[in-house]
Amino acid sequence: MSSQVIRALLLALLSSLIALPVGSFVAHWAGWSVFCAGLALQMIFHFRNFARLDRWSHRPVVDASLEGEGAWDGIFGRLYRHEKDLRAGIADRDNQIERLFAALQALTDGVVALDLNQQIVYCNSTAEEQLGLALTTDRGQPVVNLVRQPEFVAYLEGGDFERPLTLRSDRGTDRVLSIHVVPYAGDRRLLQIKDVTQTVRLDRMRRDFVANVSHELRTPLTVLAGFLETLQEIDLDRADQHRYLDLMAEQSKRMESIVQDLLTLSSIESAPPPSVDIVDMSSLVDKLRRDAEALSGGRHNIVAEADAQCDVRGSEPELVSAFGNLVANAVRYTPAGGTVRITWKAMAQGAEFAVEDTGIGIEAKHIPRLTERFYRVDRGRSRDAGGTGLGLAIVKHSLNRHQAQLEIRSTLGVGSRFAAKFPAGRVARVQ
Ligand code: ATP
Ligand code: MG
C-alpha cells in the first residue's frame, strides 16, 4: 500500500478519534460534523494540489510553479526532475544534431540526403553550389526535377551504384562532378558529390603530354632506324655513308635536345624558389646580343639597350636560359635582313625585359597557346629550325617563378614582341 493511502487512512482515523468522543459526550450530529469536517479538509488539501498539477500539466515549465504541499511535494519533485532530465536530454540531442549538420556543412564534398521517394531531405551548401540547389525552397522536391541531366536521371533510376557517375556541368561551366550514391537507413539514398574538374584536367594534360613526348621522339627515331637499315643493307660509297651519318647525327641531336628541354622543365618545376641575388642586367643583355649575333651569322640587325639604373633579383642561369630562348626565337623566326631588338628598362611598377623582331609574326589565335608544351604554330618550320616547342613553356615557368609575367604581342607578317614584366619586388635599383 502506498504511503499516500496510509497517510489518508491515518488522517481519517484521526478524524474518527476526535469525532467519537465528541459524538459520545456532546451529540451524534456534532461527532459526524467533526468527522465530515476532517474529511472535507483532506479533500480541499488534495484538490488544491491536484488543481496545481492540472495547471502545470498544460504548460510544463521547469520552474518554482510546481511546488506541492505535504506528500504532494515529493510527487511534484519527482515530476520536476523527470521533466528537467527530459529537457536536458532533448537539448543534448539537439546539440549533437546541430554539430552533425555543422560537420556536413564543413565538408568540401557535396552531400544530398534523399528520402524513399528520391525527394531532398537535406543538402549541404557545397551541394547547393555544385548542383544549383537551394535547400530552403527545394526541400521535399524530387531531385530529378531539379537536376535534369539525362545521364544523372538514368544513373539514379538504374540502381547500379557500383561506380560513381561522372557528370559534366550543363550550367555554362567546364566543371566535372563525380556523384556517388550511398544507401542509408534502408532504401534511402545519400549523394556524395566530388568536384573532379582539376583531376580530369590533369589527367588529360598527362595523357596529352605522354602522347606528345612519344610523338616528338618517334619522328627522329623512325628516321634514324631508316638510315640504319639502309646502311646495313646497301653498300654505299664513302661519300654517301658520310652524308647518311651526318643526317643520323642531326636526328640524334634533336632527340637529345628534346630530352634536355624536358629535363630542364622538370628540374625547374621541382626546384626551390629562385634566389634573390642581383643579376647584372647590362652584362646579361650584352651577352644575349653576342649570342644573337652568333646565331644570326650576320643575317640580322641586332640592337641591344639596357637601362643601367636597375638590375633584377633572381637566378642568373634560369634568366639567361629564359631570355636566351626569346632571343633565339626572334632570330629563328625573322627572315634575313630583319631587326631583333633586345631591351631592358625600368617601368613605373618594376621593370621589363623585351625582345622585339620584324619577323614572320604570329596569328592572334595561336598566341594564348604558345606557352603550352610542344605547341608550335608551324610544326614543319619549327622543326626545320631545330625547335622542340618546349622553349616558351620553359620561359613561362622560369618567369612565373620570378613573379614575372610574359606578355606576347604579334602581328602576322610584321613582327613580334615578347616582354617579361618583373614586379618592383624583383627589381634592384643601382645606387
Ligand atoms: P624550342 O623549344 O627549340 O624553342 P620552338 O621555338 O618551336 O622550339 P617555342 O620557343 O616554345 O618553340 O615557340 C613556340 C612557337 O611559337 C614556335 O614554334 C613558333 O611557331 C612561335 N614563335 C615563337 N617565337 C616567335 C617569334 N619571335 N616569331 C614568330 N613565331 C614565334
Ligand atoms: Mg623557341
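Only a predicted model underlies this, so the values are computations on that prediction, with no experimental measurement involved. (Residues numbered from 1 in each chain as written. Chains lettered and ligands numbered in written order. Predicted model: local features only at pLDDT ≥ 70, side-chain atom pairs only at ≥ 80, totals over all residues. Heavy atoms only, no water.)

1. Here we look at the pattern of salt bridges
Phase 1 of the analysis: On inspection of all chains with the given rule, the structure shows 23 salt bridges.
Phase 2 of the analysis: Close ionic contact of Arg417 with Glu356 constitutes a salt bridge, the shortest N to O distance being 3.6 Å. Of the two residues, Arg417 sits in strand β12 (residues 415-422) while Glu356 sits in strand β10 (residues 350-357), which places them 61 residues apart along the sequence.
Phase 3 of the analysis: Since its relative accessible area comes to 14%, Arg417 is described here as buried.
Phase 4 of the analysis: A relative accessible area of 33% means that Glu356 is categorised as partly exposed. (Salt bridge = Lys/Arg side-chain N within 4 Å of Asp/Glu carboxyl O. Helix = DSSP H or I, 4+ residues; strand = E, 2+ residues; numbered from the N terminus. Buried < 20%, exposed > 50% of the residue type's maximum accessible area, 1.4 Å probe, protein only.)

2. Let's talk about the pairing of strand β5 (residues 188-195)
Phase 1 of the analysis: The pairing of strand β1 (residues 110-114) with β5 spans five bridges and is classified as antiparallel. Paired with Leu114 across the strands is Arg189, a residue of β5.
Phase 2 of the analysis: Bridge count for strand β4 (residues 176-184) against β5 is eight bridges, and the pairing is antiparallel. In the sheet register, Val181 faces β5, and the bridge partner there is Leu191.
Phase 3 of the analysis: A loop of three residues connects β4 with β5, the two strands running antiparallel in sequence, and Ala185 in this loop sits at a positive phi of about 40 degrees. (Pairing = 2+ DSSP bridges.)

3. Description of the environment of Met43
Phase 1 of the analysis: Inspection of the secondary structure assignment puts Met43 in helix α2 (residues 28-58).
Phase 2 of the analysis: Judged by its relative accessible area of 62%, Met43 is exposed.
Phase 3 of the analysis: Note: C-alpha distance between Met43 and Ala8 (35 residues apart in sequence) is 9.9 Å.

4. Side note on the sheet that holds strand β11 (residues 405-411)
Phase 1 of the analysis: In space, the five strands of this open sheet follow the order β7-β9-β10-β12-β11, with mixed pairing throughout. The open sheet has two free edges, formed respectively by β7 (301-306) and β11, since each of these has just one partner strand. Strand-to-strand, the axes of this sheet are offset by a mean angle of 10 degrees, without reference to chain direction.
Phase 2 of the analysis: Here seven bridges tie β10 to β12, and the two strands are oriented antiparallel to one another. Across the sheet, the residue bridging to Ala351 is Phe422, located in β12. (Axes fitted to C-alpha atoms, helices over the stretch in contact; angles between N-to-C directions.)

5. Brief notes about the packing of helix α11 (residues 316-332) against helix α13 (residues 391-401)
Phase 1 of the analysis: Contact geometry of α11 with α13 gives a least axis separation of 9 Å together with a crossing angle of 140 degrees. With respect to α13, the element α11 is oriented oblique. Here α11 and α13 pass one another in a crossing that is left-handed. Along the contact surface, α11 presents Glu318, Ser321, Ala322, Phe323, Asn325, Leu326 and Asn329, while α13 presents Gly391, Leu392, Ile394, Val395, Ser398, Leu399 and Arg401.
Phase 2 of the analysis: Classifying every residue of the contact of α11 with α13 gives seven nonpolar, five polar and two charged. (Parallel < 35°, antiparallel > 145°, perpendicular 65-115°, else oblique. Left-handed = near helix turned anticlockwise from the far one by under 90°. Contact = heavy atoms within 4.5 Å. Nonpolar A, V, L, I, M, F, W, Y, C, P; charged D, E, K, R; others polar.)

6. Focus: helix α8 (residues 197-233)
Phase 1 of the analysis: Spanning 37 residues, α8 covers 53 Å between terminal C-alpha atoms, matching the ideal 54 Å at 1.5 Å per step.
Phase 2 of the analysis: In α8, a bend of some 25 degrees at Arg218 exceeds every other bend along the element, and Pro220, a proline, comes one to four places later. (Expected span 1.5 Å × (residues − 1). Bend = angle between axes of the 7 residues up to and from the residue.)

7. Let's talk about the pairing of β11
Phase 1 of the analysis: Here β11 shows one buried face, formed by Leu406, Ile408 and Ser410, and one open face, formed by Gln405, Glu407, Arg409 and Thr411.
Phase 2 of the analysis: Here seven bridges tie β11 to β12, and the two strands are oriented antiparallel to one another. Pairing of Arg409 across the sheet is with Arg417, part of β12.
Phase 3 of the analysis: Between β11 and the antiparallel strand that follows it, β12, lie three residues; Gly413 among them carries a positive phi value of about 80 degrees.

8. As for the nonpolar core
Phase 1 of the analysis: Ranked by size, the top nonpolar core spans 36 residues in total, and within it Met281, Phe323, Leu326, Trp344, Phe353, Leu399 and Phe422 carry the most contacts.
Phase 2 of the analysis: The set of elements that each furnish at least two residues to this core consists of α10 (281-296), β8 (310-313), α11, β9 (339-347), β10, α13, β11 and β12.
Phase 3 of the analysis: No other element matches α11, which puts seven residues into this core.
Phase 4 of the analysis: If we skip the residues at most four places from it in the chain, Phe323 touches Met281, Leu284, Leu288, Phe353, Leu399, Ala420 and Phe422.
Phase 5 of the analysis: Ranked by size, the runner-up nonpolar core spans 23 residues in total, among them Leu114, Tyr155, Leu165 and Ile193. (Core = buried A, V, L, I, M, F, W, Y, C linked by side-chain atoms within 4.5 Å.)

9. Let's talk about the sheet that holds strand β6 (residues 278-279)
Phase 1 of the analysis: Read across the open sheet, the three strands follow the order β6-β8-β13; overall the sheet is antiparallel. Only two strands of the sheet have a single partner each, and these edge strands are β6 and β13 (427-429).
Phase 2 of the analysis: Pairing of β6 with β8, which is carried by two bridges, proceeds in the antiparallel orientation. Bridge pairing links Ile278 to Arg313 in β8.
Phase 3 of the analysis: Relative to the sheet, α10 contacts β6 and β8, its axis offset from that of β8 by approximately 85 degrees.

10. Considering the domain arrangement of the protein
Phase 1 of the analysis: Domain annotation for the protein reports domain 1 (3-96), domain 2 (107-195), domain 3 (203-269) and domain 4 (274-429).
Phase 2 of the analysis: Of note, the centres of domain 3 and domain 4, computed from C-alpha atoms alone, are 27 Å apart.
Phase 3 of the analysis: Opposite the 15 residues of domain 3 that make contact, domain 4 presents 15 residues.
Phase 4 of the analysis: For the pair domain 3 and domain 4, the summed buried area comes to about 1400 Å², and 62% of that belongs to carbon and sulfur atoms.
Phase 5 of the analysis: Ranking the residues of domain 3 by area buried against domain 4 places Arg254, Leu265 and Ile268 at the top, with a combined share of 41%.
Phase 6 of the analysis: Run the count over domain 3 and domain 4 and you get two salt bridges.
Phase 7 of the analysis: The salt bridge involving Glu216 is made with Arg376; its shortest N-O contact spans 2.5 Å.
Phase 8 of the analysis: At the boundary of domain 3 with domain 4, the tally comes to three residue pairs in polar contact (both at pLDDT 80 or more). (Domains from an automatic or database assignment. Buried area = accessible area lost by both parts, 1.4 Å probe. Polar contact = N/O pair within 3.5 Å; in protein donor to acceptor, adjacent residues only side chain to side chain.)

11. A closer look at a nonpolar patch on the surface
Phase 1 of the analysis: A surface patch of nonpolar side chains, amounting to about 390 Å² of accessible area, comprises Ile6, Leu10, Leu13 and Leu17.
Phase 2 of the analysis: By the element assignment, Ile6 lies in helix α1 (residues 3-25).
Phase 3 of the analysis: A residue is classified by how much of its surface remains accessible, and Ile6, at 40% relative accessible area, is partly exposed. (Patch = residues over 30% accessible without salt bridge, like charges linked within 9 Å, V, L, I, M, F, W, Y side chains within 5 Å. Areas by Shrake-Rupley, 256 points an atom, 1.4 Å probe, with all protein chains shown as cover.)

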